[in-house]
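# Structural overview
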Amino acid sequence: MVLAQEDEHTHPYWYARIIRIFHVNVEYRDNKESHYSQPRCMNVLFVHWFRCDGSPAGFAAKCLQCLEFFDQDSLVEVFGFLDPDSVICRVHIIPAFAYSRTDTLLGPSFVCKEDKYDTDWCYYYLNMFIDHDMFMRFHGGGIGHKAM
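Predicted model, so just to flag it, every value in this text is computed and none were measured. Here the residue numbers are simple positions, counted from 1 along each chain's written sequence. Only residues with pLDDT of at least 70 are given local features in this predicted model, and only at 80 or more are side-chain atom pairs given and counted; all residues enter the totals for whole chains, interfaces and linings. Each side-chain value is worked out from all heavy atoms of the structure, with water and hydrogens disregarded.

### Details of the pairing of strand S6 (residues 79-82)
- Exposure is judged per residue with a 1.4 Å probe applied to protein chains only, and the accessible area is read against the type maximum: over 50% gives exposed, under 20% gives buried, and values in between give partly exposed. Only DSSP runs of H or I reaching four residues or more are called helices, and only runs of E reaching two or more are called strands; each is numbered from the N terminus. On S6, burial follows the alternation: Gly-80 and Leu-82 on one face are buried, whereas Phe-79 and Phe-81 on the facing-out side are not.
- Examined bridge by bridge, strand S4 (residues 40-52) and S6 share 4 bridges and lie antiparallel to one another. Within S6, the residue paired with His-48 across the bridge is Phe-79. Two strands qualify as a pair provided that DSSP identifies no fewer than 2 bridges between them.

### A few points about the nonpolar core
- Grouped together as the largest cluster of nonpolar side chains are 11 residues: Met-1, Tyr-13, Tyr-15, Phe-50, Leu-67, Phe-69, Cys-89, Trp-121, Tyr-124, Leu-126 and Met-134.
- Broken down by secondary-structure element, the contributors of at least two residues to this core are strand S5 (65-69) and strand S10 (124-127).
- The next biggest cluster of nonpolar side chains, apart from the first, holds 7 residues, and it includes Leu-45, Val-47, Trp-49 and Val-78. Buried Ala, Val, Leu, Ile, Met, Phe, Trp, Tyr and Cys residues that are joined via side-chain atoms within 4.5 Å together make up what is termed a nonpolar core.

### Observations regarding the packing of aromatic side chains
- Each pair of aromatic rings taken from Phe, Tyr and Trp, with Trp reduced to its six-membered ring, is defined by centres within 6.5 Å and is described as stacked if the planes are under 30 degrees apart, edge-to-face if over 60, and tilted in the remaining cases. One pass over the structure, following the stated rule, counts 9 aromatic pairs.
- Consider the rings of Phe-22 and Phe-46, whose centres lie 6.4 Å apart with planes at 50°: the pair is tilted. With a gap of 24 residues between them, Phe-22 in strand S3 (residues 16-26) and Phe-46 in strand S4 connect regions that are remote in the sequence.
- Given a relative accessible area of 37%, Phe-22 falls into the partly exposed group.
- For the pair Phe-50 and Phe-69, a centre-to-centre distance of 4.4 Å together with 15° between the ring planes defines the contact as stacked. Linking Phe-50 in strand S4 with Phe-69 in strand S5, this pair joins segments that are 19 residues apart in sequence. The residues Phe-50 and Phe-69 share a single accessibility class, namely buried.
- In this structure an aromatic cluster arises from ring pairing among Phe-22, Phe-46, Phe-79 and Phe-81.
- Only when the NZ atom of a Lys or the CZ atom of an Arg is both within 6 Å of the ring centre and within 35 degrees of the ring normal do we say a charge sits over the ring. Across the ring face of Trp-121, the terminal group of Arg-101 is positioned such that the distance to the ring centre comes to 4.7 Å.

### Concerning the pattern of salt bridges
- What counts as a salt bridge is simple: a side-chain nitrogen of Lys or Arg found within 4 Å of a carboxyl oxygen of Asp or Glu. This structure, assessed with the given rule, holds 1 salt bridge.
- For Glu-68, the salt bridge is made with Arg-51, and the minimal N-O distance between the two is 3.4 Å. Note that Glu-68 is positioned in strand S5 and Arg-51 in strand S4, a separation of 17 residues in sequence.
- Overall, the relative accessible area of 17% leaves Glu-68 in the buried class.
- Taking relative accessible area as the criterion, Arg-51 reaches 29% and is therefore assigned partly exposed.

### Some details on the environment of Asp-120
- By secondary structure assignment, the location of Asp-120 is in strand S9 (residues 120-121).
- Given a relative accessible area of 11%, Asp-120 falls into the buried group.
- Sequence separation between Asp-120 and Thr-104 is 16 residues; the distance between their C-alpha atoms is 8.7 Å.

### Some points on a nonpolar patch on the surface
- On the surface, Phe-22, Val-24, Met-42 and Phe-81 cluster together into a nonpolar patch covering about 380 Å² of accessible area.
- Along the chain, Phe-81 falls in strand S6. Patches here: salt-bridge-free residues with over 30% relative accessible area, like charges joined within 9 Å, nonpolar side chains (Val, Leu, Ile, Met, Phe, Trp, Tyr) joined within 5 Å. Where accessible areas are quoted, they stem from the Shrake-Rupley method and a 1.4 Å probe; at the residue level, only the protein chains shown are allowed to cover.

### Things to note about the side chain of Gln-65
- Structurally, Gln-65 is set in strand S5.
- We classify Gln-65 as buried; its relative accessible area is 11%.
- Any two residues whose heavy atoms approach within 4.5 Å at even a single point are treated as in contact. In this view, Gln-65 contacts His-11, Cys-52, Asp-53, Ala-57, Tyr-124, Tyr-125 and Leu-126; residues no more than four positions away in its chain are not counted.

Below, the structure written as structure tokens:
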């Protein structure tokens with residue numbers, strides 16, 4: 001879970017499944033004339049992004065937030081790299097078993113979990129009751145937690 005880079009009127013967080021953690025040696029230079037810096041180890045998360053499905057959710061709606069993966073038509077938004085320091089906390093995401101599985105989102109790939117069916121769940125629920133910290137993030141009222 002990371003803070004959303006959108007305005008306050010949309011969902012305040014973005015969610016992703018971590019696929020791999022990379023440790024990269026990086027060299028950079030300030031301009032074309034300068035020398036490369038000393039190699040520096042950088043940690044990077046390779047993630048598969050979820051999006052909110054837009055249905056009413058939360059305490060007022062008495063319903064868990066429903067998430068889904070982006071489909072193949074929006075490949076730019078499907079995967080990304082993320083700085084581990086931008087991760088707020090881990091979340092508990094539950095497959096929505098009532099909506100079954102699908103193979104239309106992303107075909108067989110090295111980024112998918114090995115599965116004999118090569119399918120994903122159509123929807124997932126975001127469990128906001130997993131612990132007191134997560135509960136207060138969604139309910140509000142805790143120190144450092146904004147109400148949604």
